Amino acid sequence: MILKEKYVPRHLTNIYFKAKKIYRKYNGQGIFDNNLENLDDFIRDNNADFFQNIVWCGFFFDKKIIDFLIDNQYSFNNKDTFNNLYFSILTNNIKLFSYIVKNEKIDNNLYTKLSHFINRDFSFSYAIILLDLDVDFNLKENFFLQACYYGKAKTVEYMLNEFDFNNNIINEGVNKIVEQQKTGTFNKIFKHSKVNININENLIKLVVNTRDYRIIKKIYEHRNFEKHKYSIYLFELLFNNYRKMGDYISTERYYQFMRELFFSGLSLDLPESVVDAFLNNKFKIVQDFFDNRNKIKKF
């Protein structure tokens, strides 16, 4: 794929139009004729700026130019390394991306910048290449947290299989997945052997705020959910959200799930009058109970 004008990011259009002008100029001089057999001499006789212009021409107008540079072991090591890598992703040129990563210096700043762009916008294939580099482990921890934040399920699962992150990092990643409501990623890693979720009030609140019935139910049924300790807290959050629900399906799911909490033992931890009030839709009594309970806690 050669990047077409309509797909060029706005902040890079100046490079595109510059390359378009240069490509016409060089093409008119015959530099790209005869299967690029003269290109080597032109590059050798000119400076680094000329080489970078050739690279831009390859990105936008002729993939054979990029293949020629790789096959002849040219170094892409210059001030535009990030842009070269970024454009290789935009043009779906995994061969070039892999070549630059393996042959050029990728410092910590560049690694961090690339990991952010890949997790935010691009595919698993590029993440794998970057993760293969031998870099400080904290960079890979940050990579993992970014993948969690952006809901990159395949990347998160791969990193859990390949690297030994401590529980704090894994739990922070889980929190980011839940906070960003990345249900698919959550489902992907929920039963992973390395994920020993630390369920506390903060995570429960994040889960309930997603209003995603599937995540809420899975957290409640998780082996680390201490029912005697957190069931009332979960019920209170659900009750407050339930009263704000707009659509029938979500409201009904919440209501039925709260009933399940009663039958799972919560009714033993609440006054009988509160249980009866909820089951009979006397929500003012339930609300008064929680309001008074919170006042006592604060006191």
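Residues numbered from 1 in each chain as written. Predicted model: local features only at pLDDT ≥ 70, side-chain atom pairs only at ≥ 80, totals over all residues. Heavy atoms only, no water.

1. With respect to the confidence of the model for the protein
One rule of thumb: low pLDDT means the predicted coordinates there are not for detailed reading. Averaged over all residues, the pLDDT of the protein is 87; the fraction at 70 or higher stands at 95%. Within the protein, the lowest mean pLDDT, 79, falls on helix α16 (residues 248–263), and the highest, 96, falls on helix α9 (residues 137–149). (pLDDT = per-residue confidence, 0-100. Helix = DSSP H or I, 4+ residues; strand = E, 2+ residues; numbered from the N terminus.)

2. What to know about the nonpolar core
Counting 110 residues, the largest nonpolar core has F32, L69, L234 and F235 as its most contacted members. Beyond its immediate chain neighbours, meaning those up to four positions away, L69 contacts I43, F51, I54, V55, Y74, F76 and Y99. (Core = buried A, V, L, I, M, F, W, Y, C linked by side-chain atoms within 4.5 Å. Buried < 20%, exposed > 50% of the residue type's maximum accessible area, 1.4 Å probe, protein only. Contact = heavy atoms within 4.5 Å.)

3. Quick look at helix α5 (residues 81–90)
Counting buried residues along α5, 10 of its 10 residues qualify, which places the element largely inside the surrounding structure. Those residues of α5 not exposed but buried are T81, F82, N83, N84, L85, Y86, F87, S88, I89 and L90. Looking one or two residues beyond α5, the residue adopting positive phi is N92, at roughly 55°.

4. Topic: the packing of aromatic side chains
Applying the stated criterion to the full structure yields 43 aromatic pairs. Here F97 and Y126 contribute two aromatic rings whose centre-to-centre distance is 5.2 Å and whose plane-to-plane angle is 80°, an arrangement assigned as edge-to-face. Taken together, the residues span a long stretch of sequence, with F97 in helix α6 (residues 94–103) and Y126 in helix α8 (residues 124–131) at a distance of 29 residues. Residue classification places Y126 among the buried positions, given a relative accessible area of 2%. The ring of F82 has K113 sitting right over it, with the charged end atom 4.1 Å from the ring centre. Taking the ring centre of Y220 as reference, the NZ or CZ of K227 above it sits at 4.6 Å. (Phe/Tyr/Trp six-rings, centres within 6.5 Å; stacked < 30°, edge-to-face > 60°. Lys NZ or Arg CZ within 6 Å of the ring centre and 35° of its normal.)

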